[in-house]
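What follows is the residue order along each chain.
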Amino acid sequence: MLLVVSHPLVQHKLSLMRDVTTGVKEFRELAAEVSMLLAYEAMRDLDVTPTRLQTPLQEGEFPMLSGKKLALVAILRAGLIMTDAIVNLVPAAKVGHIGMYRDPGTLQPVAYYNKLPADIAERRVFLTDPMLATGGSASAAIAALKVAGAQSIRLMSILAAPEGIAVIERDHPDVEIVVAAVDERLNDHGYIVPGLGDAGDRIYGTK
Ligand code: URA
């Protein structure tokens, strides 16, 4: 299932991220803000339990998060900006990392790092990758999460290409995808068009 978060705040911030004149500092801040707004939607069905507490005026039962604990997992390196922001909303979440890079020749994902919470099977997993382009890295990362025992996985990306969405829907129909926008297509180099360029380079000021 695909959820496109078409909220005006998200769309405005995403347009600023697309702008080639937006510098590193602002790009990072926008990526963090968009990530938190996406998380707000991606986590809309977290369990809450009425919990008894005392306000300054009256005792009562009020909803508090309950149910499965959470894990945020970043696909390195660009996914870090998303988990670093989202963990502010859910500070008890554990954070895992999966290192993937795309071979520039074959465009195939190459895994080089995997460090996940030991109890990932008991957690709801939110996997972050700002650019869902070919879908190769995200699909391989989801497969790695499943091998580690993860049973509930949601993929969060800032931008997606139709090709990437199709790959995840084909390989992992159980995984919901949450994005800010779906762009037109991939170009011959595997970049999303119109896109925002290389997210990692724009976040970290490389290149
Ligand atoms: N990764 C990026 O950072 N940008 C793209 O457009 C595609 C993949």
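Everything quoted here is computed from the prediction, not taken from an experiment.

Draft legend 1. Here's a closer look at the layout of surface pockets. The calculated volume of the largest pocket comes to roughly 670 Å³. As for the largest pocket, its lining consists of 27 residues, of which Met 100, Tyr 101, Arg 102, Ser 137 and Asp 198 are closest to the centre. Looking at the lining of the largest pocket, the elements with two or more residues in it are strand E4 (69-76), strand E5 (94-102), strand E8 (131-132), helix H4 (136-147) and helix H6 (199-204). In terms of residue class, the lining of the largest pocket is built from 15 nonpolar, eight polar and four charged. Around the second largest pocket sit 15 residues that line it, and Leu 65, Ser 66, Lys 68, Lys 69 and Leu 70 are the ones nearest its centre. Residues that form the lining of the second largest pocket fall into these classes: eight nonpolar, two polar and five charged.

Draft legend 2. Summary view of unusual backbone geometry. Look at the link from Leu 76 to Arg 77: it is a cis peptide, with omega at -5°. Considering the arrangement of structural elements, one finds Arg 77 in the loop between E4 and helix H3 (79-86). Following Val 193, the chain continues into Pro 194 via a peptide bond in cis, with omega recorded as 0°. Residue placement: Pro 194 occurs in the loop between strand E12 (192-193) and H6. Positive phi is not limited to glycine here, since Lys 207 has a value of about 80°. Using a relative accessible area of 88% as the deciding quantity, one classes Lys 207 as exposed.

Draft legend 3. Here's a closer look at the site of the ligand. Around the ligand, the neighbouring residues are Arg 102, Met 131, Ala 133, Gly 190, Tyr 191, Ile 192, Gly 197, Asp 198 and Ala 199. One of the backbone N or O atoms of Ala 199 is found 2.7 Å from an oxygen atom in the ligand. Bound to the protein, the ligand loses 89% of the 240 Å² it would expose on its own. With respect to the detected pockets, the ligand is housed in the largest pocket. Tallied by class, the residues present in the shell around the ligand amount to five nonpolar, two polar and two charged.

The rules we used
Residues numbered from 1 in each chain as written. Predicted model: local features only at pLDDT ≥ 70, side-chain atom pairs only at ≥ 80, totals over all residues. Heavy atoms only, no water. 1 Å grid on protein atoms, 1.4 Å probe; cavity = no way out; pocket = protein on both sides within 12 Å on 5 of 7 lines; lining within 4 Å. Points joined across faces, edges and corners; volume = space filled by probe spheres on them. Helix = DSSP H or I, 4+ residues; strand = E, 2+ residues; numbered from the N terminus. Nonpolar A, V, L, I, M, F, W, Y, C, P; charged D, E, K, R; others polar. Buried < 20%, exposed > 50% of the residue type's maximum accessible area, 1.4 Å probe, protein only. Near = heavy atom within 4 Å. Polar contact = N/O pair within 3.5 Å; in protein donor to acceptor, adjacent residues only side chain to side chain. Areas by Shrake-Rupley, 256 points an atom, 1.4 Å probe, with all protein chains shown as cover. Sits in = over half its atoms within 2 Å of the grid points.

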